[in-house]
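Take a look at the letters that make up each chain.
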Amino acid sequence: MDDTRTRLTKDGIRLYDPADFAGMHEAGRLAAEILDRVAPLVEPGQTTAAIDKAVEDMVNAAGATSATIGYKGYQHATCISVNHVVCHGIPGEKKLHDGDILNVDVTVIVDGWFGDTSRMYVAGKRTRKAERLIDVTHDALFRGIEAVRPGNTFGDIGHAIQSFVEAQRMSVVRDFCGHGLGRVFHAPPNVLHYGRPGTGPVLEEGMFFTIEPMVNLGRPETKVLADDWTAVTRDKSLSAQFEHSIGVTADGCEIFTLSPAGKFHPTWA
Ligand code: MF3
Ligand code: CO
Ligand code: CO
C-alpha cells in the first residue's frame, strides 16, 4: 500500500530502505521523549492510570497516534507493569507504593512509522535487589544490541542476553519476545531473548525490530491473569524490562528510541 515494492528476506522479514531510517528516528524520538517526561510523575501515591493519562495527552499534543489504543481491544496509551508484573500491565487506580518498580511501555505512530520503547522507574526509595535487577536488565538489552550487525543471527542476540542474565543468577522470560516493526506494530521475526549462537535468521541491513528482554529475579515462568493481558511471574518474583526499537546498518545498528535527555540509562546518582 505505502510501497509499490517491498523487499522481504527468505524468512519473511522486511528490509527497509536507507531513507526509511529517518521516519523511524522521528517516531522513536517522540516515544523516548515521552518516557523522559514520565520520570518526574513516578512517585508513591501516584496511580498508574494518571501516568497513562499524562502519556496519552503527550502523544496527542505531539500530533501523533497511540499504537496501543484499540490494538486487539487494548484501551490505553501505555502498559505499566509493576513489581512482579512481567509485561502488559493495565494502567489503573491502584496507587504506587514506596519502593515499587515499574516498566512503562509506549508505542507511538508518527507519519505511519512505529516507535516502541519501554523503561524502568522506581517510586520513592529503591531497594538494592531492585537496583541490581534493573541494572542487569538494562545491560542485557545492550548486550543484545551489541550483537546486532549484518551476518550475525537472531540467535546471537538471544544468546548474548541469556548468557549475561543467567551469569547474574537471574532468568530470562521465554513467553514474550521482541518483534519486527516499521510501518506496522508487530511483524516477523520473533526476537527471542534466549538462544544459541549462529541459529535463527541472519541479520541484514534494513531490518527494523525491537529488543525487549524481560528478566526475573526468580524463575522464568509467567502466567496471564483473567483480564487476558497482565502477565506476572508465577513465583511472584520481581521482573524488569527495557525495550528499544533499532535498525540494522551496514556495520551495526542505529537505536531509534534513545532518550533525547540521555535519561535512558538508569543512573542511580
Ligand atoms: N508495546 C508492547 C510491545 O513492546 C505491546 C503492547 S500491546 C498492548 O510490543 F496492547 F498491550 F498495548
Ligand atoms: Co515491542
Ligand atoms: Co513496547
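Summarised in this report is the structure supplied together with it. In this numbering scheme, every chain counts its residues from 1 along its sequence in written order. Going through the entries in the order they are written, you letter the chains from A and number the ligands from 1. Where totals are concerned, whole chains, interfaces and linings use all residues; where local detail is concerned, this predicted model gives features only for residues with pLDDT of at least 70, and gives and counts side-chain atom pairs only at 80 or more. Only heavy atoms go into the side-chain values, all of them from the structure, while hydrogens and water stay out.

1. Quick notes on the coordination of the cobalt ion (ligand 3)
Working step 1: Metal-coordinating donors are taken as N, O and S atoms lying within 2.8 Å of the metal, or within 3.2 Å when the metal is Na, K or Ca; because water is left out, some sites can appear incomplete. Looking at the metal site, the cobalt ion (ligand 3) is ligated by Asp105 (OD), Asp105 (OD), Asp116 (OD) and Glu243 (OE), spaced 2.0 to 2.4 Å from it.
Working step 2: Square planar and octahedral sites, with four and six donors, are those where opposite donors lie more than 155 degrees apart and all other angles lie between 65 and 115, tetrahedral sites have four donors with every angle between 85 and 135 degrees, and the rest are irregular. Geometry at the cobalt ion (ligand 3) is irregular, judged from the six donor atoms that bind it and their angles of 58 to 168° at the metal.
Working step 3: Read from N- to C-terminus, the donor residues coordinating the cobalt ion (ligand 3) fall into the pattern D-x10-D-x126-E.
Working step 4: Separating the cobalt ion (ligand 3) from the cobalt ion (ligand 2) is a gap of 3.3 Å, which Asp116 spans by donating to each of them. Here the residue Asp116 occupies a position in strand E7 (residues 113-122), and Glu243 occupies one in the loop between strand E15 (239-241) and strand E16 (244-248), the gap between them amounting to 127 residues.
Working step 5: The buried label goes to any residue with under 20% of its type's maximum accessible area, the exposed label to any with over 50%, and the partly exposed label to all in between, with areas taken from a 1.4 Å probe on protein chains only. Judged by its relative accessible area of 0%, Glu243 falls in the buried class. Strands are runs of DSSP state E lasting at least 2 residues, helices are runs of H or I lasting at least 4, and numbering of each runs from the N terminus.

2. Some thoughts on the coordination of the cobalt ion (ligand 2)
Working step 1: Each protein donor to the cobalt ion (ligand 2) is listed here as Asp116 (OD), His179 (NE2), Glu212 (OE) and Glu243 (OE); together their distances run 1.9 to 2.2 Å.
Working step 2: Coordination at the cobalt ion (ligand 2) comes from six donor atoms whose angles at the metal span 51 to 161°, giving a geometry best classed as irregular.
Working step 3: Judged by its relative accessible area of 6%, His179 is buried.

3. Brief notes about the environment of Ser171
Working step 1: Mapped onto the secondary structure, Ser171 falls in strand E8 (residues 171-172).
Working step 2: As a C-alpha pair, Ser171 and Tyr194 span 23 residues in sequence and 10.0 Å in three-dimensional space.
Working step 3: With sequence-adjacent residues up to four places away left out, Ser171 is seen in contact with Val165, Met214, Val215, Asn216, Gly218, Arg219 and Pro220. Contact between two residues is taken to exist if any of their heavy atoms lie within 4.5 Å; hydrogens are not considered.

4. Here we look at the layout of surface pockets
Working step 1: Only protein atoms enter the 1 Å grid used here. Points where a 1.4 Å probe fits but cannot escape make up a cavity, open sets with protein on both sides within 12 Å along at least five of seven lines make up a pocket, and a residue lines them when an atom lies within 4 Å of a point. Grid points are joined across faces, edges and corners, and a volume is the space filled by probe spheres set on the points. Within this model, the largest pocket holds a volume of roughly 460 Å³.
Working step 2: Lining the largest pocket are 24 residues, with Tyr71, His88, His179, Phe185 and His186 sitting closest to its centre.
Working step 3: Mapped onto the lining of the largest pocket, the elements with two or more residues apiece are strand E6 (101-110), strand E9 (178-180) and strand E10 (187-191).
Working step 4: Each residue is assigned to one of three groups, with Ala, Val, Leu, Ile, Met, Phe, Trp, Tyr, Cys and Pro labelled nonpolar, Asp, Glu, Lys and Arg labelled charged, and all others, Gly among them, labelled polar. Partitioned by chemical class, the residues of the lining of the largest pocket number ten nonpolar, eight polar and six charged.

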